[in-house]
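Report on the structure
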Amino acid sequence: MTPPPIAAPAPPAPAAVDTRPTRDSAGRRPHPATGGALVLVGMLLVALNLRAAVTSLGALLDEIRDGLGLSGTMAGLVTTLPTIAFAGLGALTPWLVRRVAPARVLVVAMIALTAGQVLRVATDSAWIFVFTSALALAGIAVANILLPMLVKQHFGHRTGLVTGAYTMALTVGTTVAAASAVPIAHAFGSWRAGLGVWAVLAAVAVLPWVPLALRTRAGARRATPTAPVAAPTRVRPARTRLGWAMAVYFGAQSLSGYAIMGWLAQLFRDAGYRPESAGLLLAGVTALGVPIALLMPTLAGRLATLRPLVLGLTAASALAYLGLALAPHGAALLWVALLAIGQGAFPMILTTIGLRARTAEGTVALSAFAQSTGYVIAALGPLMVGILYEVTGGWTAPIGFLLAALAVQTTAGMAIARPRYVEDE
């Protein structure tokens, strides 16, 4: 389907500016109605929610399995659900933002996240739990794609700084959810409380986007075309080597990330740690990742090539996996620290999405393709770990699988290390 037209640029400055932020190019200043500060606050609140619904489930997986009667394979499906939802819904996001302003899309996305988290703790049915979790994850899926585009669109001159800020917010939300889900559940006497409390945070994230959505709608009504319009050139990352390399790297690092979020607490429980301690160790991975999330985008933006980062992150992850296989209890803190360093691949690839596109349109296209395709790959992570864990009764085979995925990640990382742009391919 041909996207709606936007104002054609007339060098050296645009001849007409659409007041809706979805139509701005990377070089334009946001329209005053969008409120740059409010956009930033809204982005940070959304980022806080992007993993809380996932890591709280991982920390409480044992209790949820008992409460809903989930088998190991069914638990693997539940922990795989985020990647399935992110892949399917993420692919639709560029289509949405060509027709609806991002602020309005994010209002709906955060409402879906809120409703899904409330509904999934109100049921005793395993399948209803799965379906309502999918509703919550649909909201996260859309926001995943939009945030890199919003950075390019509104803060193109500070891409590394703003990407670092929202990635740090994402990491903080992940950490707090992983660390406090079990204590909250114990305090209220039910896993439902530890899982459902995060709906409040999602509801708060709706608030900044409501006035932004109303303002952009009013601005669109007032806007009157003053110059001929032309359709933009469609960016198709699926037809480029860069697009596929980005998707494979994103997918492989997400595969390990979601496997860790879904199963690391269980690994530590099996190694002899109490549930609270296992949850804290899981939270430690994301807590130690906070400074990494803040610094990685700036570092990636300044380096002439990403090869040192790619190889360094691979080495940290490989050592962590080997340590978890050989001595999960004796040096748990060391393995947690190395996992945190290795998971720095996530903020690095988010930054690289913006670095490998020239425009906001190119960024959202590359973001959607890399993330949606990547999450298809990532879906194998929690599911395969769950199956291998159930079949073998131990962690050697699951960790071997994660090491194989790391090798694929490294190969793709070397392919995206050299600076170039998706629009040029």
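Thresholds, definitions, all that
Each chain has its residues counted from 1, following the order in which its sequence is written. Since the coordinates come from a predicted model, pLDDT governs what is reported: local features require at least 70, and pairs of side-chain atoms require 80 or more to be given and counted, while whole-chain, interface and lining totals use all residues. In computing side-chain properties, one takes all heavy atoms of the structure into account and sets aside hydrogens as well as water. The pocket and cavity definitions rest on a 1 Å grid over protein atoms only: a 1.4 Å probe that fits but cannot leave marks a cavity, an open set with protein on both sides within 12 Å along at least five of seven lines marks a pocket, and residues lining either have an atom within 4 Å of a point. Grid points are joined across faces, edges and corners, and a volume is the space filled by probe spheres set on the points. Here a helix means four or more residues in a row that DSSP labels H or I, a strand means two or more in a row labelled E, and each is numbered from the N terminus. Only Asp, Glu, Lys and Arg are considered charged, only Ala, Val, Leu, Ile, Met, Phe, Trp, Tyr, Cys and Pro nonpolar, and every remaining residue, Gly among them, polar. Here the axes come from fitting lines to C-alpha atoms, over the contacting stretch only for helices, and the angles between their N-to-C directions go from 0 to 180 degrees. By definition, any crossing whose near helix is turned counterclockwise from its far helix by less than a right angle is left-handed, and any crossing with a clockwise turn is right-handed. What makes two residues a contact is simply this: any of their non-hydrogen atoms within 4.5 Å. For salt bridges, the criterion is a side-chain nitrogen of Lys or Arg within 4 Å of an Asp or Glu carboxyl oxygen. Each residue gets one of three labels from its accessible area relative to the maximum for its type: buried under 20%, exposed over 50%, partly exposed in between, using a 1.4 Å probe on protein chains only. Roughly parallel means an angle under 35 degrees; roughly antiparallel, over 145; roughly perpendicular, 65 to 115; everything else is oblique. Known as pLDDT, the predictor's per-residue confidence is scaled from 0 to 100. Patch membership requires over 30% relative accessible area and the absence of a salt bridge. Like charges are linked within 9 Å, and nonpolar side chains (Val, Leu, Ile, Met, Phe, Trp, Tyr) within 5 Å. For accessible areas, the Shrake-Rupley method is used with a probe of radius 1.4 Å. Any residue's cover is judged against the shown protein chains and nothing else.

A few points about empty space enclosed by the protein
Inspection of the entire model under this criterion finds six cavities of 30 Å³ or more. The volume enclosed by the largest cavity comes to roughly 350 Å³. Along the walls of the largest cavity sit 22 residues, with L170, M261, T286, Q343 and F346 positioned nearest its centre. Within the residue set of the lining of the largest cavity, elements represented by two or more residues are α8 (159-188), α12 (241-270), α13 (275-302) and α16 (345-355). Residue classes in the lining of the largest cavity are distributed as 11 nonpolar, 10 polar and one charged. Estimated volume of the second largest cavity: approximately 120 Å³. Lining the second largest cavity are 13 residues; nearest its centre among them are A259, I260, L264, L267 and L402. Where the lining of the second largest cavity is concerned, the elements lending two or more residues are α12, α14 (307-326) and α19 (396-416). No other element matches α12, which puts five residues into the lining of the second largest cavity. Class assignment of the residues belonging to the lining of the second largest cavity gives a composition of 13 nonpolar, no polar and no charged.

Some words on the environment of M384
Along the polypeptide, M384 turns up in helix α18 (residues 380-392). Each C-alpha atom of the pair M384 and A397 lies 9.8 Å from the other, and the pair is 13 residues apart in sequence.

So, the packing of α16 against helix α17 (residues 360-378)
Packing of α16 against α17 leaves a shortest axis separation of 8 Å and a crossing angle of 140°. Seen from above, α16 lies across α17 with right-handed handedness. Note on element contacts: α17 touches α16 through T363, L366, S367 and Q371, opposite L350, I353 and G354. Split by residue class, the contact of α16 with α17 holds three nonpolar, four polar and no charged.

A few points about the pattern of salt bridges
Taken as a whole, this structure holds five salt bridges when the rule is applied. Between D62 and R269 there is a salt bridge; the shortest N-O distance is 3.2 Å. Taken as a pair, D62 in helix α3 (residues 61-68) and R269 in helix α12 lie far apart in primary sequence, 207 residues in all. Looking at R269, the relative accessible area reads 15%, which means it is buried. Across the salt bridge formed by D124 and R192, the nearest N and O atoms sit 2.5 Å from each other. On the criterion of sequence distance, the pair formed by D124 in the loop between α6 (102-120) and α7 (126-154) and R192 in helix α9 (residues 191-196) is long-range, its members being 68 residues apart. Residue class for R192 comes out partly exposed when judged on its relative accessible area of 21%. Salt bridges here are not isolated pairs; linked through shared partners, they connect D62, E63 and R269.

Side note on the environment of N144
Tracing the sequence through the fold places N144 in helix α7. Of the residues examined, N144 reaches a relative accessible area of 6% and is grouped as buried. Separated by 206 residues in the primary sequence, N144 and L350 have C-alpha atoms spaced 9.8 Å apart. Apart from the residues lying within four places of it in its own chain, the contact partners of N144 are L50, R51, F86, S367, Q371 and Y375.

Focus: the packing of α17 against α18
Each pair of packed helices can be summarised by the angle the axes make with each other and by the distance between the axes. Between α17 and α18, the least distance of the axes is 6 Å, while the angle of their chain directions is 5°. With respect to their mutual orientation, α17 and α18 come out roughly parallel. Across from V376, I377 and A378 in α17, the residues of α18 making contact are L380, G381 and P382. Residue classes in the contact of α17 with α18 are distributed as five nonpolar, one polar and no charged.

Focus: the confidence of the model for the protein chain
With 87% of its residues at a pLDDT of at least 70, the protein chain reaches an overall mean of 82. Here strand β3 (residues 13-14) is the element of the protein chain with the lowest mean pLDDT, 37, and α14 is the one with the highest, 96. Per-residue pLDDT stays below 50 along residues 1-34; that stretch engages in 82 contacts with residues further than four places along the chain or on separate chains. Ignoring residues within four places in sequence, the model shows residues 220-231, a span with pLDDT below 50, making 14 contacts including any to other chains.

Description of a nonpolar patch on the surface
A contiguous nonpolar patch, built from V200, V204 and L207 and spanning about 270 Å² of accessible area, is present on the exposed surface. Position of L207 relative to the elements: it lies in the loop between α10 (198-206) and α11 (209-222). For L207, a relative accessible area of 57% translates into the label exposed.

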